[in-house]
Amino acid sequence: MKRIFFDHASTTPLDRKVLEAMLPYFIEYFGNPASLLLEEGSVPHQAVDNAREKVASFIGAEKDEIIFTSSATESNNLAVKGLALANKGRGKRILFSDIEHYSIIHQADFLMRMGFEIEYVKVDKSGLVDIDDLKRKATSGTILASIMHANFEIGTIQPIDEITSLLKKHGILLHSDGAASCGRIPVNVKELDVDTMTVSPHQFYGPKGIAALYIKKGTQLTSLIQGGHQEMGYRAGTENVPAIVGFGEAVRIAADEMENRMKYLTGLSRKLWDGLAASIEYMHFTGHPVRRLPGHVSFWIEFVEGESLLLWLNLNGIASSSGSACSSNILAIDETGLKASHVLTAIGVPPEICHGSITFSLGKDNTMEEVEHALSVMPDIVKRLRDMSPLYEQFKKTKGGN
Amino acid sequence: MPQGPYSDKVMDHFMHPRNMGEIEDADGVGEVGNPACGDVMKLYLKIENEQIVDAKFKTFGCGAAIASSSMTTELIKGKTIDEAIKLSNEAVAEALGGLPPAKQHCSVLAEEALRAALDDYKKKKKG
């Protein structure tokens, strides 16, 4: 069966043009970019430099404001820990939005052991940061806030410029995780006025194992990996040259195709959204209806458990993701890994319902036929699972009694 | 297709659940779990002369929960209630070809549903 990949929030397939750009840098130009005096080092050095330039201009930054890291997770760790440690003299309070990625919120324990205090900022039902709550918590002694640009699970895009203008008044730095937004929607770090931002190319047909952190010029940030002088001293370690080259190529293509991709994906997701709404009862879409990632459709369905829904979609050839407790961490060593999604809990979805959530995240190679196939199989899957559900049985009886 | 975290047996019971449904005039009904944990299991037993002659289930839950419920009904049908009460969650998991560590609680839930249904039967009999 031909697979239908509706899980681009987890990762995207590598663009063949990106692979071709990378290939010469594995064997032919294998040299270490630090070996500047050698012929072997100069080509890789130039390639890294070019890629840095492309990534910088893609998000409206300067070349020397871009640091390459190994992953979005590393970028998020470098930003939050690096800014916190460098600014410890100004205060010890850090704000996280309630819907940050694990690579932000799971830093909390470590930061608290280092003497920092973490405060969480609420979001409203659509997933937008509650500006009043942010105002209340943006007190003196707060040095840093981490508020993601777009959320993978519910698709909501934050008004980062509005948030930064509020934070600046109190001298609070802002890190924004742009892993879900950069490459999908236009991003300009100067307009958003962020101090640091994460960019992750495997989210837009680039390679895994590489990411970037934008660090605004003049920002104090402590490095976490010490060693050689690579990445302007912010991040030691020999550069992953082929991946960096691939990153540059992915950015070049994304910049060229951004407008068309956005238009195309918005058309596909509109069809999917409307079709689901018309064919399935007791279904609720999550995230913001307008301020959302193109191609992103997320929802929960009453009386249907998310993992079972995901498994049935998979059996029908469709790859999706679920915020369901049961599927989010199936390889955990015990059931403590199985918690309802913190993102859905934060937007006020009751925990028993969080188990029924699904995210369809579409990509540039998906087609209208694939959307139609998904729409044709969904009602039967939902019916099958509801017929099996004691909760639905009870609901029907109560409803019948009314 | 490459092997996922679930055994073939679990996937078989998930895709083709045995004894799914309700028994209208059940002699014992057990409902355990709660929606907040993600699993609710309801087990119906038909008992004649202290022997389980029919068993059916309805489950809201993940693949492991559905497979555990289905397997439990298979394992207890035809057993006397004294035999059935001895069914452990380990036996359910083993019959399914094992469950991922994080999913062991689904087999525990199946054992609890069985105990609840047998308790309900005993209570009804006394009443």
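Residues numbered from 1 in each chain as written. Chains lettered and ligands numbered in written order. Predicted model: local features only at pLDDT ≥ 70, side-chain atom pairs only at ≥ 80, totals over all residues. Heavy atoms only, no water.

### Some points on the overall build of chain A
What counts here: Only DSSP runs of H or I with at least four residues qualify as helices, and only runs of E with at least two residues qualify as strands; both kinds are numbered from the N terminus onward. Restricting the calculation to C-alpha atoms gives the radius of gyration, and the globule rule supplies 2.2 Å times the number of residues raised to the power 0.38. In this scheme, a residue with accessible area under 20% of its type's maximum is buried, one over 50% is exposed, and one in between is partly exposed, where area comes from a 1.4 Å probe on protein chains only. Whether two residues touch is decided by their heavy atoms; if any such pair falls within 4.5 Å, the residues are in contact. Residue-level accessible areas treat just the shown protein chains as cover; the underlying method is Shrake-Rupley with a 1.4 Å probe. In this count, Lys and Arg are taken as positive residues and Asp and Glu as negative ones, while His and the chain termini are left out. Charge positions come from single atoms, namely NZ of Lys, CZ of Arg, CG of Asp or CD of Glu.
Helix and strand counts for chain A stand at 15 helices and twelve strands. Relative to a compact globule of 402 residues, whose C-alpha radius of gyration would be 21 Å, chain A shows 22 Å and is just as compact. Projected onto its principal axes, the C-alpha coordinates of chain A cover approximately 80 × 50 × 40 Å. Looking at chain A as a whole, 57% of its 402 residues qualify as buried. For chain A, restricting intrachain contacts to residue pairs at least 6 apart in sequence, the fraction spanning at least 24 positions comes to 73%. Total accessible area on chain A is roughly 16,700 Å²; 54% of this is exposed by carbon and sulfur atoms. Charged side chains of chain A number 41 positive and 49 negative; the gap between the two group centres comes to 3 Å.

### A closer look at the pattern of salt bridges
Formally: By definition, a salt bridge exists where a carboxyl oxygen of Asp or Glu is found within 4 Å of a side-chain nitrogen of Lys or Arg.
Per the stated rule, a full pass over the model turns up 36 salt bridges over all chains. As a salt-bridge pair, Glu393 of chain A and Lys42 of chain B come within 3.4 Å of each other at their nearest N and O atoms. With Glu393 of chain A in helix α15 (residues 390–401) and Lys42 of chain B in strand β2 (residues 39–48), this pair bridges two chains. Summarising the burial analysis for this pair, Glu393 of chain A and Lys42 of chain B share the class buried. A salt bridge links Lys58 of chain B to Glu22 of chain B, with the shortest nitrogen-to-oxygen separation between them at 3.2 Å. A residue pair is termed long-range when its members are at least 10 positions apart, and Lys58 of chain B in strand β3 (residues 51–60) and Glu22 of chain B in the loop between α1 (8–15) and β1 (28–34) qualify at 36 residues.

### Some points on the sheet that holds β3 of chain B
Residue and element names in this part refer to chain B. Stated precisely, the cut-off is as follows: A pair of strands is labelled paired if DSSP reports no fewer than 2 bridges between them. In this description, a line fitted to the C-alpha atoms serves as the axis of each element, helices being fitted only across the stretch in contact, and the angle between N-to-C directions of two axes falls anywhere from 0 to 180 degrees.
If you trace the three strands from one edge of the open sheet to the other, you get β1-β2-β3, paired in antiparallel fashion. Bordering the open sheet on either side are β1 and β3, each of which pairs with just one other strand. For this sheet, the mean inter-axis angle between neighbouring strands, taken without regard to orientation, is 15°. Looking at chain direction, β1 and β2 are connected through seven bridges and run antiparallel. Looking at β2, one finds that Val32 is bridged to Met41. Sheet contacts for helix α5 (residues 104–126): β1 and β2; angle to β1, the most-contacted strand, approximately 145°.

### A word on unusual backbone geometry
Residues and elements named next belong to chain A. The phi torsion at Met232 lies on the positive side, around 55°, for a residue other than glycine. Structurally, the position occupied by Met232 is in the loop between β8 (211–215) and α9 (241–279). The phi dihedral of Phe303 is positive, around 65°, even though this residue is not glycine. Residue placement: Phe303 occurs in the loop between β10 (296–301) and α10 (306–315). The exposure class assigned to Phe303 is buried, which follows from its relative accessible area of 14%.

### Quick look at the state of the cysteines
Keep this limit in mind: We call a pair of cysteine sulfur atoms a disulfide whenever their separation is within 2.5 Å.
Inspection of the entire model under this criterion finds zero disulfides over all chains. With no disulfide of its own, Cys106 of chain B has Cys62 of chain B as its nearest cysteine by sulfur position, at a separation of 3.7 Å.

### Here we look at the environment of Lys54 of chain A
All names here are of chain A. Position of Lys54 relative to the elements: it lies in helix α2 (residues 39–58). The spacing of Lys54 and Ile160 is 106 residues in sequence and 23 Å in space, taken between C-alpha atoms. Leaving out residues up to four positions away in the same chain, Lys54 has contacts with Gly248, Val251 and Arg252.

### Concerning the pairing of strand β7 (residues 196–199) of chain A
All names here are of chain A. Residues of β7 alternate between two faces, with Thr196 and Thr198 on one and Met197 and Val199 on the opposite face, all of them buried. Of the pairings in the sheet, the one linking β7 to β8 comprises four bridges and is antiparallel in character. In the sheet register, Val199 faces β8, and the bridge partner there is Ala212.

### Details of the confidence of the model for chain B
All names here are of chain B. Here is the rule: The quantity called pLDDT is the predictor's confidence in a given residue, expressed from 0 to 100.
A residue-level look at chain B finds 97% of positions with pLDDT of 70 or above and a mean pLDDT of 93. β1 is the least confidently modelled element of chain B, averaging 93 in pLDDT, while β3 averages 97, the highest of any element. Across the interface, the model reports ipTM at 0.92; the global pTM reads 0.93.

### Describing the side chain of Asn76 of chain A
Checked against the element boundaries, Asn76 of chain A lands in helix α3 (residues 72–86). With residues near it in sequence (within four places) discarded, Asn76 of chain A still touches Ser103, Ile104, Gln107, His175, Asp177 and Thr198 of chain A.

### A few points about α3 of chain A
Residues and elements named next belong to chain A. Quick note on the threshold: One fewer than the residue count of a helix, multiplied by 1.5 Å, yields its expected span.
Here α3 contains 15 residues, and its C-alpha end-to-end distance of 21 Å stays within 8% of the 21 Å for a straight helix at 1.5 Å per residue. Among the 15 residues that make up α3, twelve are buried, leaving the element largely enclosed by the rest of the structure. Looking at α3, one finds that the buried residues are Ala72, Glu74, Ser75, Asn76, Asn77, Leu78, Ala79, Val80, Lys81, Gly82, Leu83 and Ala84.

### Points about the packing of aromatic side chains
Each pair of aromatic rings is reported with the distance of its centres and the angle of its planes. Going by this rule: By convention, a stacked pair of Phe, Tyr or Trp rings (six-membered ring in the case of Trp) has centres within 6.5 Å and planes under 30 degrees apart, an edge-to-face pair has planes over 60 apart, and any other such pair is tilted. Here, a charge over a ring is recorded when the distance from Lys NZ or Arg CZ to the ring centre is within 6 Å and its angle to the ring normal is within 35 degrees.
Enumeration over the complete set of coordinates arrives at 14 aromatic pairs over all chains. Ring centres of Trp312 of chain A and Phe14 of chain B lie 5.6 Å apart, and the angle between their planes is 35°; this geometry places the pair in the tilted category. Of this pair, Trp312 of chain A sits in helix α10 while Phe14 of chain B sits in helix α1, on two different chains. Looking at Trp312 of chain A, the relative accessible area reads 10%, which means it is buried. Connected via pairs of aromatic rings, a cluster forms that spans Phe6, Trp273, Phe285, Phe299 and Phe360 of chain A. In this arrangement the basic side chain of Arg270 of chain A is found over the ring face of Trp273 of chain A, its NZ or CZ atom lying 5.9 Å from the centre.

### Observations regarding the sheet that holds strand β5 (residues 142–146) of chain A
All names here are of chain A. Read across the open sheet, the seven strands follow the order β2-β8-β7-β6-β5-β3-β4; overall the sheet is mixed. Looking at the sheet topology across the chains shown, the edges are occupied by β2 (66–69) and β4 (117–121). Averaged over neighbouring strand pairs, the angle between their axes works out to 20° when direction is ignored. Bridge analysis of β5 against strand β6 (residues 173–177) gives three bridges, and the strand direction is parallel. Counted as the bridge partner of Leu144 is Leu173 from β6.

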